[in-house]
Amino acid sequence: MPEGPELHLAGRYINEACGEVVFSGGVERSAVSKNPAVPFSSEAYRISATSRGKELRLTLAPLGPGEPQDLVFRFGMSGSFRLCPAAQLPRHAHLRFLTRETPPRALCFVDARRFGSWRLGDAWQPGRGPCVLSEYQAFRENVLKNLEDRAFDKPICEALLNQKFFNGIGNYLRAEILYRSKIPPFEKARTVLEALKDQEQNPSLTLSKKLKLMRENPDLLELCHTVPMEVISAEKKLLDPDDLDNYAAFKNWLQCYLVPGMSSLRDRNGRTIWFQGEPGPMAPKGQASHKKRARLKADPKALTPKVTSRASKRHPKAAAKSPELAVKEEEEEEVADRPRKGRARGRRKATTAPALSEPEVPVKARRSHRMTGRRGRRGAAPAV
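Quick summary incoming for the structure in this document. (Residues numbered from 1 in each chain as written. Predicted model: local features only at pLDDT ≥ 70, side-chain atom pairs only at ≥ 80, totals over all residues. Heavy atoms only, no water.)

### Remarks on the overall build of the chain
Let me state the cut-off plainly: A run of DSSP states H or I qualifies as a helix once it reaches four residues; a run of E qualifies as a strand once it reaches two. Both are numbered from the N-terminal end. When accessible area is computed with a 1.4 Å probe and restricted to protein chains, residues below 20% of their type maximum are described as buried, those above 50% as exposed, and intermediate ones as partly exposed. Only heavy atoms matter for contacts: two residues are in contact if any of them lie within 4.5 Å across the pair. Exposure was quantified through the Shrake-Rupley algorithm and a 1.4 Å probe, taking into account, for residues, occlusion by the shown protein chains and nothing else.
Secondary structure summary: the chain contains 13 helices and 11 strands in total. For the chain, with 384 residues in total, the buried portion stands at 42%. In the chain, 66% of the contacts between residues at least 6 apart in sequence involve partners at least 24 apart. Entry remark: accessible area of the chain is about 21500 Å², with carbon and sulfur atoms responsible for 53%.

### A look at the pattern of salt bridges
For the record, the criterion: Salt bridge, as applied in this entry: a Lys or Arg side-chain nitrogen positioned within 4 Å of an Asp or Glu carboxyl oxygen.
Applying the stated criterion across every chain, the model contains 12 salt bridges. The shortest N-O distance in the salt bridge between Lys-164 and Asp-149 comes to 3.1 Å. Linking Lys-164 in the loop between helix H3 (156-159) and helix H4 (171-181) with Asp-149 in the loop between helix H2 (136-144) and H3, this pair joins segments that are 15 residues apart in sequence. The partly exposed category is assigned to Lys-164, whose relative accessible area is 39%. Through salt bridges with shared partners, one network takes in Glu-55, Arg-119 and Arg-128.

### Some points on the packing of aromatic side chains
Just so we agree on the cut-off: Pairs were defined over the aromatic rings of Phe, Tyr and Trp, the Trp ring being its six-membered one, requiring ring centres within 6.5 Å. Orientation was assigned from the angle between planes: stacked under 30 degrees, edge-to-face over 60, tilted for the rest.
For the coordinates displayed, the defined rule picks out 16 aromatic pairs. With a centroid separation of 5.0 Å and an interplanar angle of 85°, the aromatic rings of Phe-40 and Tyr-45 are classed as edge-to-face. The burial state of Phe-40 is the same as that of Tyr-45; both residues are buried. Taken together, Phe-73, Phe-75, Phe-81, Phe-109 and Trp-118 form an aromatic cluster joined through their ring pairs.

### Remarks on the sheet that holds strand E2 (residues 41-52)
Cut-off, in case you're wondering: Note: two strands are recorded as paired if DSSP finds a minimum of 2 bridges between them. Fitted lines through C-alpha atoms serve as axes, helices being fitted only where they are in contact, and the angles separating the N-to-C directions of these axes extend from 0 to 180 degrees.
One open sheet accounts for eight strands, arranged E5-E7-E6-E1-E2-E3-E4-E8; its pairing is antiparallel. Since the sheet does not close on itself, it has two edges, and those belong to strand E5 (79-85) and strand E8 (117-120), each with one partner. Between one strand axis and the next, the sheet turns through 25° on average, direction left out of account. For strand E1 (residues 23-29) and E2, the ladder comprises three bridges, and the chain directions are antiparallel. Bridge assignment links Gly-25 to a residue of E2, and that residue is Ser-42. Docked against the sheet, helix H1 (residues 4-18) engages E1, E2, strand E3 (55-62), E5 and strand E7 (105-111), running at close to 145° with respect to E2.

### What to know about the packing of H1 against helix H7 (residues 220-233)
Spelled out, the test is: In this scheme, a crossing is called left-handed if the near helix is turned counterclockwise away from the far one by less than a right angle; it is called right-handed if the turn is clockwise. Under the convention adopted here, Pro, Cys and the residues Ala, Val, Leu, Ile, Met, Phe, Trp and Tyr are nonpolar, Asp, Glu, Lys and Arg are charged, and Gly plus all remaining residues are polar.
Remark: H1 packs on H7, axes separated minimally by 9 Å, with the N-to-C direction vectors making an angle of 35°. At the point where H1 passes H7, the crossing takes the right-handed sense. Seen from H1, the contacting residues are Pro-5, His-8, Leu-9 and Arg-12; seen from H7, they are Pro-228, Val-231 and Ile-232. A class-by-class count of the residues in the contact of H1 with H7 yields five nonpolar, one polar and one charged.

### Thoughts on the nonpolar core
A general tendency of soluble globular proteins is for nonpolar side chains to be buried together. Here is the rule: In plain words, nonpolar cores are sets of buried Ala, Val, Leu, Ile, Met, Phe, Trp, Tyr and Cys residues tied together by side-chain atoms within 4.5 Å.
Of all hydrophobic cores here, the largest spans 48 residues; its most connected members are Val-143, Phe-152, Phe-166 and Leu-193. Mapped by element, the contributors of at least two residues to this core are H2, H3, H4, helix H5 (189-201), H7, helix H8 (244-253) and strand E10 (272-275). A total of seven residues in this core trace back to one element, the largest contributor, which is H7. Not counting chain neighbours up to four residues away, the residues in contact with Leu-193 comprise Val-143, Leu-144, Leu-147, Phe-152, Ile-156, Leu-220 and Leu-221. In this structure, Cys-18, Phe-40, Ile-47 and Leu-83 belong to the second largest nonpolar core, which totals 25 residues.

### Some points on the sheet that holds E10
Neighbouring strands of a sheet are bound in pairs by backbone hydrogen bonds; such pairs are parallel or else antiparallel. The sheet built from three strands is open, its strands ordered E10-E9-E11 with antiparallel pairing. Every other strand in the sheet has two partners, leaving E10 and strand E11 (290-291) as the edge strands with one partner each. Both strand E9 (residues 263-266) and E11 contribute to a ladder of two bridges, which runs antiparallel. Bridge pairing links Ser-264 to His-290 in E11.

### Regarding the environment of Tyr-179
As for its position among the elements, Tyr-179 is in helix H4. Of the residues examined, Tyr-179 reaches a relative accessible area of 27% and is grouped as partly exposed. Sequence-wise, Tyr-179 and Cys-256 are 77 residues apart; in three dimensions their C-alpha atoms are separated by 6.5 Å. Sequence-distant contacts of Tyr-179, defined by excluding residues within four places in its chain, comprise Gln-255, Cys-256, Met-262 and Gln-276.

### Concerning unusual backbone geometry
A cis amide bond links Thr-102 to the next residue, Pro-103, at an omega of -5°. Following the sequence through the fold, Pro-103 ends up in the loop between strand E6 (93-99) and E7. Within the chain, Lys-182 stands out as a residue other than glycine whose phi angle is a positive 60°. If you trace the backbone, Lys-182 turns up in the loop between H4 and H5. Assessed through its relative accessible area of 67%, Lys-182 is described here as exposed. With a phi angle near 60°, Leu-258 is a residue other than glycine that sits in the positive phi range. Looking at the secondary structure, you find Leu-258 in the loop between H8 and E9.

Below you can see the structure in the form of structure tokens.
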């Protein structure tokens, strides 16, 4: 699922590929998209992009008269941008901006699973904190000055997905950050961050002592910036899904997430966290951690955690899913991206309802079966 680095790289791609390109006409939307139509048209305009955390803003700027139009995108689980010939549109191109060339090209927002979205205007989504990539100092201050927030009552692995404080961090990044910081994923978030705050504000620590402490215990908040920056500044474009060599390079870059030999557990939001060593004091009860088998390294399709027999009994449908689908469904949107209303109620229902219930027979059909049986018994008269 696209996280902060992917959004940043998408913005860079748009600016590099479209910087000198002139677009023309209206904005086309696919018939199946439920996102809003874009009421913009111009004889000549240019497109630029800016990313912030898990959002990307496009600006359509007319070269002549007319007001610019801004759009803010969230990529969901499969969103991306692609510039291609207009006569060869990719599947699932749900928004298209046509160039003024002959033959024309199209900048497309491609989203196979349709969890991505866009909205009109230049405002970022309310409630999202500063970007871990482009606003590091503001991000750090926002976390350390709000440690009384209830978000930090949770395990650190769950707090890292809260976009109010960690805008841009997703599932693979949290695993890599916690692995490098040597922090158990289910340690209480406030405990981890208060220790960091005390270390930062301790006047008795000299610079050399602070540097030594940082070497022995890497700064979690700094890793929230430097680990995503590794992906962005890599020599190869690690996240290009169309380049198999680059995808292999991305897998080799991963040190923890989906790596053979690492343990995994599902957090309280149902998302899998990969880690090494002990899970920590707030680990979910009644859930044994399991390790990714080493043989999976040779099989790029076998990317899902092993399903235990107990899980298979409770969720037989999930146990039968293909590896690719299971990985995609594991990468659900982070907590802050989903509407809060009714979420807790929905989770309770999901845990109490059986995974495979028998299809309910309509009342009329049940009655007809009983009546048929009765008629059969009445009609079968004893032999004389």
